[in-house]
Amino acid sequence: TESGYACWLDYRLIPNEPLRSAYRKRCSQLVMIGDSPLLQAARRELNLALGVMLGEAPVEAEEDAGAELSLPVLVVGTIGSSQLLNPLASLYHFDELGEEGYVIHGSGSDDNRIYLSADADKGVLYAVFHFIRLLQTGASIEQLAIRELPSNGLRMINHWDNMDGSIERGYAGRSIFFHEGRFIEDQERVRDYARLLASGGINALTINNVNVHSQESKLITDEFLPDVAKTAAIFREYGIRLYLSVNYASPMELGGLSTADPLAPEVAEWWHGAAKNIYRYIPDFGGFVVKADSEFRPGPFTYGRNHADGANMLADALAPFGGEVIWRCFVYNCLQNWRDRITDRARAAYDHFMPLDGTFRDNVMLQIKNGPMDFQVREPVSPLFGGLKETNQLLELQITQEYTGQQKHLCFLVPQWKEVFDFDTHAQGEGSTVAEVASGRLFGRARGGVAAVANIGDDASWSGHILAQANWYGYARLAWNPKLSAEQIAREWIAMTFGLDSAVERVLLGMLLSSYRIYEDYTAPLGVGWMVNPNHHYGPNVDGYEYSKWGTYHYADCHGMGVDRTVRSGTGYAGQYHSPVAERYESTALCPDELLLFFQHVPYTHRLKSGKTVIQHIYDTHFEGAERAAQLAEQWKSLASLVDSARFGQVLDRLAHQAEHAEEWRDCINTYFYRKSGIADERGRLIY
Ligand code: GCW
């Protein structure tokens, strides 16, 4: 476990003797009712966790064991499956728990039992993982009255894995699924992965990149479906449904048709046949994720059709089998002319999809990136949230740190994601948050949820940077409940991963919670993005994308910088929001500092709400950000004797690199803007 492999399921003997015996007393016996695959997984996990943490596994008692049941016992099963669970029936409305909700109940006074129960097996599995978390985090289990329901129906992970084993934007080694064009035979690791995902309540997964190349296109054919089915079976045991990313041009590439036109009957028929075949292998197959007409991927535009035509055709093919289509909205012109200041990539998704609102089938969900550009350090929330009212939606986040330090830098993203979930679109007046929209609740949609791009690979620690596991864990927890605070999530993760030492908790909590702001400070000021090296996106390059076709500019000149996206004088993007958000972004005075340069082109001498000029803000944040990055390494060093040496050293190496690289960022950005503006740092610090 010292490699970090076990992540937050790093069960260890609880060192605190009184705590351990208090737990052991309540968990000495286990009655587990039912033996479906989901419940078997729950039982295995519970026995493993309790066995290790308490020093001995509970005695498994039979349901009808009579007298022994007067001793403390953990009773685990669905309501109605045993008389033993009857006391719960009057305390909770089990019919409201659905497939995934659960109850954890125990009161020392009436009896000495703890109940882990639900209306369905999957809920029981989640209850088990929650109970384990209570023990890992040192919670009291004397009085328990927990009732949990997920906020989002779909809680998905997207892999960008290719079958050659490479991972697009992967920073943690090679794929755990694929190697040299085939599936990896030994699936032990995949099983552990499923456990980790289920422990956070993830219930859906794609295993292949949304850029579907030729080998991956064949995943939906007889050549690979037996392997896909084997993988799906592992995830099924943990309540996770498998989806595949598909190539929109499959009818041509695989089927030999001369077209992929969604309105051509032979195309629809081909997809119907493909779907039918998939369901022969995988009866609970989730469906397709589609990147179409985006970054050179094929799509319905070729045939003069729109996205609804494309998505609905696939949806009809899957509907008879209960599948769904997840259609990505990451659609924009990637061959833009930088001289053209009217076309605005930020507008593109809204411009493409808003006119189609209400025309998608019920089993289609539109997957929308959190911001209108592409996972930059800071972006406004996509105006499609709150814009679309009659279409199912899925919020897309990026766990893999493409633009946030590539798992070489520490950047705990939960605070960023919280801002997204909490953002008020005002679509139905105040309180119309993204969390309410994406879940489907705000507009009464039956489907909704969240998807995120995985940050894991076959690296021993899964995530490259051990502390990047917190992003993966945090995503799952937020997908389940976006109201959890970043601090609570961080505390849980720290306790589960590193144990209950209070110094470790204090130091790591400080590091995690400050890291996003620190990263933003020494990289991207005031909502400007894209000042990175093209292609691999690592490290500073202020003009890396400035004269490119990708539609990603900062427009810095000798007077000022920023993109004018106002309605009055710019691209009009600010007008895609509801009032009063639109007015806020439209106005130089009202626009929040952290997004100012996303919406406004201003002189370097413009004064921010903070009282600083734009140029001085750039200098200050870059000097301070780099300094605080160096402090992260110092803070970590204070834990040398409290963290095992393997994990300690691995993290320290990365933090040392981060500190050095933050200086590179600082100097490139400060120097660039000093030379452009000719304005000196008020504090006379060294700029080159
Ligand atoms: O951020 C960009 C990435 C691409 C990615 C694309 C997408 C999978 O740089 O690597 O392709 O987004 O989300 O489709």
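These numbers come from a predicted model, not from an experiment.

The rules behind the values
- Residues numbered from 1 in each chain as written.
- Predicted model: local features only at pLDDT ≥ 70, side-chain atom pairs only at ≥ 80, totals over all residues.
- Heavy atoms only, no water.
- Helix = DSSP H or I, 4+ residues; strand = E, 2+ residues; numbered from the N terminus.
- Rg over C-alpha atoms; globule rule 2.2 N^0.38 Å.
- Buried < 20%, exposed > 50% of the residue type's maximum accessible area, 1.4 Å probe, protein only.
- Contact = heavy atoms within 4.5 Å.
- Areas by Shrake-Rupley, 256 points an atom, 1.4 Å probe, with all protein chains shown as cover.
- Lys, Arg positive; Asp, Glu negative; His and termini not counted.
- Charge placed at Lys NZ, Arg CZ, Asp CG, Glu CD.
- Pairing = 2+ DSSP bridges.
- Axes fitted to C-alpha atoms, helices over the stretch in contact; angles between N-to-C directions.
- Near = heavy atom within 4 Å.
- Polar contact = N/O pair within 3.5 Å; in protein donor to acceptor, adjacent residues only side chain to side chain.
- UniProt positions renumbered as here; feature names shortened; annotations may be inferred.
- Right-handed = clockwise from strand over helix to strand, strands pointing away.
- Salt bridge = Lys/Arg side-chain N within 4 Å of Asp/Glu carboxyl O.
- Expected span 1.5 Å × (residues − 1).
- Core = buried A, V, L, I, M, F, W, Y, C linked by side-chain atoms within 4.5 Å.
- Parallel < 35°, antiparallel > 145°, perpendicular 65-115°, else oblique.
- Left-handed = near helix turned anticlockwise from the far one by under 90°.
- Nonpolar A, V, L, I, M, F, W, Y, C, P; charged D, E, K, R; others polar.
- Phe/Tyr/Trp six-rings, centres within 6.5 Å; stacked < 30°, edge-to-face > 60°.
- Lys NZ or Arg CZ within 6 Å of the ring centre and 35° of its normal.

(A) Structural detail: the overall build of the protein. Summing up its helical and strand segments, the protein has 21 helices and 18 strands in all. In summary, the protein has a C-alpha radius of gyration of 26 Å against a globular reference of 26 Å for 688 residues, a match within 12%. Each of the three principal axes of the protein carries a C-alpha extent, and together these read 85 × 65 × 50 Å. Across the 688 residues of the protein, 63% fall into the buried class. Sequence-distant contacts in the protein: of pairs separated by 6 or more residues, those separated by 24 or more amount to 72%. Split by element, the accessible area of the protein, about 24300 Å² in all, is 51% carbon and sulfur. Side chains of the protein carry 62 positive and 87 negative charges; the gap between the two charge centres is 3 Å.

(B) Highlighting the sheet that holds strand β2 (residues 59-60). Here we have six strands laid out as an open sheet, ordered β2-β1-β3-β5-β4-β6, and mixed in their pairing. Of all strands in the sheet, those bounded by a partner on one side alone are β2 and β6 (143-148). Inspection of the sheet shows strand β1 (residues 29-32) paired to strand β3 (residues 73-78) by three bridges, in the parallel sense. By the bridge assignment, Leu30 is partnered in β3 with Leu74. Sheet contacts for helix α2 (residues 37-54): β1, β2 and β3; angle to β1, the most-contacted strand, approximately 170°.

(C) Local environment of the site of the ligand. By nearness alone, 14 residues border the ligand, and Glu168, Lys291, Lys369, Asp374 and Glu402 come closest of all. Note that an oxygen atom of the ligand is positioned 2.6 Å from one of the side-chain N or O atoms of Lys291. Residue Arg328 places a side-chain N or O atom 2.7 Å away from an oxygen atom belonging to the ligand. The fraction of the free accessible surface of the ligand (340 Å²) that becomes covered by protein chains is 97%.

(D) A look at the UniProt feature "domain: Glycosyl hydrolase family 67 catalytic" (unreviewed entry) in the protein. The positions that UniProt labels "domain: Glycosyl hydrolase family 67 catalytic" (unreviewed entry) are, in the present scheme, residues 135-462. Within residues 135-462, the helical portion is 27% and the strand portion 16%, while the C-alpha atoms at the span's ends are 24 Å from each other.

(E) Spatial organisation of the pairing of β1. Side chains Gln29 and Val31 of β1 all project onto a buried face; the interleaved residues Leu30 and Met32 project onto the opposite face, where all are buried too. Where β1 lies against β2, two bridges are found, and the strand directions are parallel. When the bridges of β2 are listed, Leu30 appears paired with Glu60. Taken together, β1, α2 and β2 form a β-α-β motif whose crossover is right-handed.

(F) Main features of the sheet that holds strand β13 (residues 324-328). If you trace the eight strands once around the closed barrel, you get β7-β10-β11-β12-β13-β14-β15-β16, paired in parallel fashion. The mean angle between the axes of side-by-side strands here comes to 25°, regardless of whether they run parallel or antiparallel. As defined by bridge partners, strand β10 (residues 204-206) adjoins strand β11 (residues 241-245) across three bridges and the pair is classed as parallel. From the neighbouring strand, Ala204 faces β11, where its bridge partner is Arg241. Running over the sheet, helix α15 (residues 469-480) touches β7 (154-158), β15 (392-398) and β16 (448-453) and is turned about 155° from β7.

(G) Layout of the environment of Val325. Relative to the helices and strands, Val325 resides in strand β13. In this structure, Val325 is in contact with Phe288, Val290, Ala311, Leu314, Ala315, Leu318, Asn363, Val364 and Met365, ignoring residues within four places of it in sequence.

(H) Fine view of the pattern of salt bridges. Applying the stated rule across the entire model yields 42 salt bridges. Put simply, Arg147 and Glu96 hold a salt bridge, and the shortest N to O gap is 3.4 Å. With Arg147 in strand β6 and Glu96 in the loop between α3 (86-89) and β4 (102-107), this residue pair connects regions lying 51 residues apart in the sequence. On the accessibility criterion, Arg147 (38% relative accessible area) is partly exposed. The partly exposed category is assigned to Glu96, whose relative accessible area is 46%. The partner of Arg517 in a salt bridge is Glu520, with the nearest N and O atoms 3.6 Å apart. Of this pair, Arg517 and Glu520 both sit in helix α17 (residues 502-522), three residues apart, which is roughly one turn of the helix.

(I) Representation of helix α16 (residues 486-498) within the structure. Counted at 1.5 Å a residue, the expected span for α16 with its 13 residues is 18 Å, and the 18 Å between its end C-alpha atoms agrees. Within α16, ten of the 13 residues are buried, leaving the element largely enclosed by the surrounding structure. Three or more residues of α16 are buried, namely Ala486, Ile489, Ala490, Glu492, Trp493, Ile494, Ala495, Met496, Thr497 and Phe498. On its buried side, α16 packs onto α4 (121-136), α13 (414-422), α15, α17, α20 (614-637) and α21 (645-677). Looking at the residues trailing α16, positive phi occurs at Gly499, about 90°.

(J) The arrangement of the nonpolar core in detail. With 218 residues, the main nonpolar core has Phe131, Tyr193, Trp636 and Phe673 as its most contacted residues. Setting aside residues up to four positions removed in sequence, Trp636 forms contacts with Leu467, Phe498, Leu508, Met511, Val643, Arg647, Phe648, Val651, Leu652 and Leu655. Within the second largest apolar cluster, 14 residues are counted, among which are Val31, Ile79, Leu88 and Tyr92.

(K) Representation of unusual backbone geometry in the model. A cis amide bond links Ser579 to the next residue, Pro580, at an omega of 0°. Relative to the helices and strands, Pro580 resides in the loop between β17 (560-561) and α18 (581-586). Phi is positive for Glu295, close to 45°, though the residue is something other than glycine. Checked against the element boundaries, Glu295 lands in the loop between β12 (287-290) and α10 (307-318).

(L) Main features of the packing of helix α7 (residues 225-236) against helix α9 (residues 265-281). Packing of α7 against α9 leaves a shortest axis separation of 9 Å and a crossing angle of 50°. Overall, the two elements α7 and α9 adopt an arrangement that is oblique. α7 and α9 meet at a crossing whose hand is right-handed. Along its contact with α7, which presents Leu225, Pro226 and Ala229, the element α9 presents Asn277, Ile278 and Tyr281. Across the contact of α7 with α9, the residue classes break down as five nonpolar, one polar and no charged.

(M) Structural context of α17. Helix length check: α17 (21 residues) gives 30 Å between terminal C-alpha atoms against 30 Å at 1.5 Å per residue, within 8%. The backbone nitrogen of Ala503 lies 2.8 Å from a side-chain oxygen of the residue at the head of α17, namely Asp501.

(N) Summary view of the side chain of Gln367. Locating Gln367 in the fold gives a position in strand β14 (residues 364-369). Reaching out from Gln367, the side chain makes a polar contact with the side chain of Glu396 at a distance of 2.7 Å. Here Gln367 is in contact with Asn158, Ile326, Trp327, Arg328, Cys329, Leu394, Glu396 and Ala451, once residues within four sequence places are set aside.

(O) Expanded view of the environment of Gly165. Following the sequence through the fold, Gly165 ends up in the loop between β7 and β8 (178-179). Once you skip the residues sitting within four places of it in the chain, Gly165 turns out to touch Arg174, Ser175, Phe178, His179 and Glu180.

(P) Local environment of the packing of aromatic side chains. Here the structure, examined in full by the defined rule, presents 40 aromatic pairs. When the centroid spacing of 6.1 Å and the interplanar angle of 55° are considered together, the rings of Phe177 and Phe178 count as tilted. In this structure Phe177 comes out as buried when scored by relative accessible area, which is 2%. Classification of Phe178 as buried rests on a relative accessible area of 1%. Here the aromatic rings of Tyr279 and Phe321 are separated by 5.0 Å at their centres, their planes lie at 15°, and the arrangement is stacked. Placement of Tyr279 in helix α9 and of Phe321 in the loop between α10 and β13 is noted, with a sequence separation of 42 residues between them. Taking relative accessible area as the criterion, Tyr279 reaches 8% and is therefore assigned buried. In textbook terms, an aromatic cluster arises when at least three aromatic residues are bridged by ring pairs, as seen for Tyr5, Trp8, Phe177, Phe178, Phe183, Tyr193, Phe224, Phe235, Trp462, Trp472 and Tyr473. Its end group placed over the ring of Trp462, Arg189 keeps NZ or CZ at 4.1 Å from the ring centre. Positioned over the ring face of Tyr332 is Arg345, at 3.7 Å from the centre of the ring.

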